[in-house]
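# Working through the structure, step by step
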Amino acid sequence: MSSTNETVVRFINITKDFTQGKNVSRALNHVSFEVNKGDICGLIGFSGAGKSTLLRMVNELETPTEGDVEVLGHSLKNTKGKKLRDIRKRIGMIFQEFNLLESKTVFDNVAIALKLNGESKDYIQQRVTTLLEFVGLSDKKDSYPYELSGGQKQRVGIARALATKPEILLCDEATSALDPDTTESILNLLSKINKELQVTILFVTHTIRVVQKICNKVAILEHGNLVEFGNVIDIFSNPQSTIAKKFVGAVIPNVIPKGIKDELLKYDGKYKLIRIFFHAQNATDDVIWQINNRLNVHTNVMFASVSELQDVVLSVITLQITGTEDDFKKVYDYISSRQIEFEEISL
Amino acid sequence: MIDNFFKLLGIPSSQLITCANQTLYMVFVSLVLGSLIGIIFAFTLVLTAKGGLKENKFVFNTLSFVINTVRSIPFIILLVFILPVTKAIVGTRIGTTAALVPLTFFIAPYIARLFENSLLEVNKGIIEAAKSMGASTFEIIIHFWIPEAKSSLILATTIATISLLGATAMAGVIGAGGVGDLALTYGYERMNSALMTFTVIVLIIFVQIIQALGNYLARRARGRR
């Protein structure tokens, strides 16, 4: 499902202080941003950045010290009792440690969310069967959690979270306890849930690859501050903060490899280095050919990288342009006129 | 042959059966009452504890203090100390039924502490998952907490049952009868070592059966057969 303009989660100036004895530590510091219906929004940061605390405010497992969260049109401030529980039923949640009932079978674990809603036995039977089929665990319905692998447990967690047909799914480090292959399959499943069931997903993670794979929006948190927020493609193309550069650099190399750098240092002609960001829609553009032929400026591809983001492909090409200041200006004007992002870089 | 056996013990078989019945009656009734009070106390403790779902310092501290106070009194003293209460509740100070009051007073706080432990063992994440599903506190208790703690609660009950069995031996002080009393009055005071040995064996068998049953039920509750 593609992102829309309808806001489903709005964090308004969230501050959270944890008090332990006389010590007050600030977990979140005036954080504000919005998640729209259909988004898969990644909340990324290192340990202690406050990302889980923020996520847990969406279903009020945590309450902000200051600020408010609006979920599905309801302000959570002062929302209690039945009204809060009804909102929670519209939000599914999955956890790093799965949190399944060890004493119940897979079927009963999924059924429990429906029992809480007072659904009939027939409906529960039919709904759980459908859900287990959806997550690919039909053959495990009578197994107990201790008989399942980590990935299977998370699938049960997902089926349970989806039982009440929620509009939002919260994922708290949902793949952090899984191996790479299993992570991949869980991420594919979440992506399918987003597309087929129109569920908005908020995903807390410390791994940029998760963001790269499924998210269209990303919020980068550091020491309780929201450092960057926006479309994944924009932030991946042009990270501003040090921490964003660090995360993005892990998937899109943004440092010039040493071998190339050494060669360039030996080169004594006049040149500029620029980095051009191509998206898939530029794929058929002949920018470099045009620079060479129409502008008659000499270029040399230093290195390039390609990353597949959720729906788009981002290619970053580092180009050496040799010539005069006039040539450089011509090239810059030309690339700008094609509305392709680029930046000048230095060694 | 059986007649010879009871001649050796020095008591009629009917008396032995009466005593066994008295013991089972005392254990069973006070266990049921004690468990009911115990589970209510245990949930009150875990819910009102710091960080609990219904945090309440006053209730937690008060209940905790009351439980500790009652548990400080040795059973043999509790038995006679609360005689006025016993009289007020069951209308008599002596006999098997009268013993139910001190036995319940004795076991309920003990069970409360054992159950409190069992409830605290449940993974906090499960309570959190329950909350995220929009469960009310009551639903959390019924659908999540008790099922997850069930196995441990059963083992705790087993321990409490065995403690109760031991306590009933002292209930003879207020004329409650039972197997333990039989061993003391006939076996010890009349120096009937055959009877003494026999009652000890009966008690050992009781304990073995209770523990085996407890283990079996706990295993089943965990979903592992």
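Residues numbered from 1 in each chain as written. Chains lettered and ligands numbered in written order. Predicted model: local features only at pLDDT ≥ 70, side-chain atom pairs only at ≥ 80, totals over all residues. Heavy atoms only, no water.

### A closer look at the pairing of strand β3 (residues 40–44) of chain A
Put simply, side chains in a regular strand alternate between the two faces of the sheet. All names here are of chain A. Burial within β3 is extensive, with five of its five residues counted as buried. Of the two faces of β3, the one carrying Ile40, Gly42 and Ile44 and the one carrying Cys41 and Leu43 are both buried. Relative to strand β8 (residues 200–205), β3 is paired through five bridges, and the arrangement is parallel. Its bridge partner lying in β8, Leu43 is registered against Val204. Bridge count for β3 against strand β9 (residues 217–222) is four bridges, and the pairing is parallel. Within the sheet, the bridge partner assigned to Cys41 lies in β9 and is Lys217. (Buried < 20%, exposed > 50% of the residue type's maximum accessible area, 1.4 Å probe, protein only. Helix = DSSP H or I, 4+ residues; strand = E, 2+ residues; numbered from the N terminus. Pairing = 2+ DSSP bridges.)

### Things to note about the side chain of Thr299 of chain A
Residues and elements named next belong to chain A. Relative to the elements of secondary structure, Thr299 occurs in strand β12 (residues 298–308). A distance of 2.8 Å separates a polar atom in the side chain of Thr299 from a polar atom in the side chain of Asn292. Excluding its chain neighbours within four sequence positions, the residues that come into contact with Thr299 are Ile288, Ile291, Asn292, Leu319 and Gln320. (Polar contact = N/O pair within 3.5 Å; in protein donor to acceptor, adjacent residues only side chain to side chain. Contact = heavy atoms within 4.5 Å.)

### Some remarks on the environment of Gly166 of chain B
Residues and elements named next belong to chain B. In this structure, Gly166 sits in helix α8 (residues 137–168). On the accessibility criterion, Gly166 (39% relative accessible area) is partly exposed. The spacing of Gly166 and Val27 is 139 residues in sequence and 9.5 Å in space, taken between C-alpha atoms.

### Quick look at the sheet that holds strand β5 (residues 74–75) of chain A
Residues and elements named next belong to chain A. The strand order β2-β1-β4-β5 describes an open sheet built from four strands, whose pairing is antiparallel. Only two strands of the sheet have a single neighbouring strand rather than two, namely β2 (23–36) and β5. Here ten bridges tie strand β1 (residues 7–20) to β2, and the two strands are oriented antiparallel to one another. Note on β2: the bridge partner recorded for Phe11 is Phe33.

### With respect to the confidence of the model for chain B
Interpretation of the predicted coordinates at a detailed level should be avoided for regions scoring low in pLDDT. A residue-level look at chain B finds 99% of positions with pLDDT of 70 or above and a mean pLDDT of 90. Across the assembled chains, the prediction reports ipTM 0.82 with pTM 0.84. (pLDDT = per-residue confidence, 0-100.)

### Some remarks on the interface of chain B and chain A
For interface size, the figure often reported is the accessible area lost on association. Chain B puts 21 residues into the contact, and the matching count from chain A is 21 residues. Overall, the association of chain B and chain A removes approximately 1900 Å² of surface from exposure, summing both partners, and the carbon and sulfur fraction of that is 58%. At the junction of chain B with chain A, the criterion picks out one salt bridge. We note a salt bridge from Arg56 of chain A to Glu128 of chain B, for which the minimum N-O separation is 2.8 Å. Sorting elements by how many residues they give to the side of chain B that touches chain A places helix α7 (residues 124–132) of chain B first, with six residues. Each residue belonging to the side of chain B that touches chain A can be placed in one class, and the counts come to seven nonpolar, seven polar and seven charged. (Buried area = accessible area lost by both parts, 1.4 Å probe. Salt bridge = Lys/Arg side-chain N within 4 Å of Asp/Glu carboxyl O. Nonpolar A, V, L, I, M, F, W, Y, C, P; charged D, E, K, R; others polar.)

### So, the pattern of salt bridges
As enumerated under the stated definition, the model contains 22 salt bridges over all chains in all. With its nearest N and O atoms 3.7 Å apart, the salt bridge here joins Glu62 of chain A to Arg56 of chain A. For the residue pair Glu62 of chain A and Arg56 of chain A, the accessibility class agrees, reading buried in each case. As a salt-bridge pair, Glu116 of chain B and Arg113 of chain B come within 3.0 Å of each other at their nearest N and O atoms. In this pair, Glu116 of chain B and Arg113 of chain B are both assigned in helix α6 (residues 96–121), three residues apart and thus about one turn of the helix distant. Glu116 of chain B sits in the buried class, given a relative accessible area of 12%.

### Brief notes about the domain arrangement of chain A
Residue and element names in this part refer to chain A. Domain assignment breaks chain A into domain 1 (7–90 + 166–249) and domain 2 (258–345). Opposite the 13 residues of domain 1 that make contact, domain 2 presents eleven residues. The junction of domain 1 with domain 2 conceals about 910 Å² of combined surface from both sides, 54% of it contributed by carbon and sulfur atoms. Summed over the three residues of domain 1 that lose the most area to domain 2, namely Gln212, Ile233 and Ser237, the buried surface amounts to 54% of that side. Linking domain 1 to domain 2 there are zero salt bridges. (Domains from an automatic or database assignment.)

### Some details on the nonpolar core
Judged by nonpolar contacts, the single largest core of 147 residues is most densely connected at Leu190 and Phe236 of chain A. Here the element with the most residues in this core is α8 of chain B; it accounts for eleven residues. Two domains each donate at least three residues to this core, and these are domain 1 (7–90 + 166–249) and domain 2 (258–345) of chain A. With sequence-adjacent residues up to four places away left out, Phe236 of chain A is seen in contact with Ile208, Val211, Gln212, Val248, Val251, Ile252, Leu309 and Leu314 of chain A. In terms of nonpolar packing, the next biggest core, distinct from the first, is built from 16 residues, Phe278, Phe328, Val331 and Ile335 of chain A among them. (Core = buried A, V, L, I, M, F, W, Y, C linked by side-chain atoms within 4.5 Å.)

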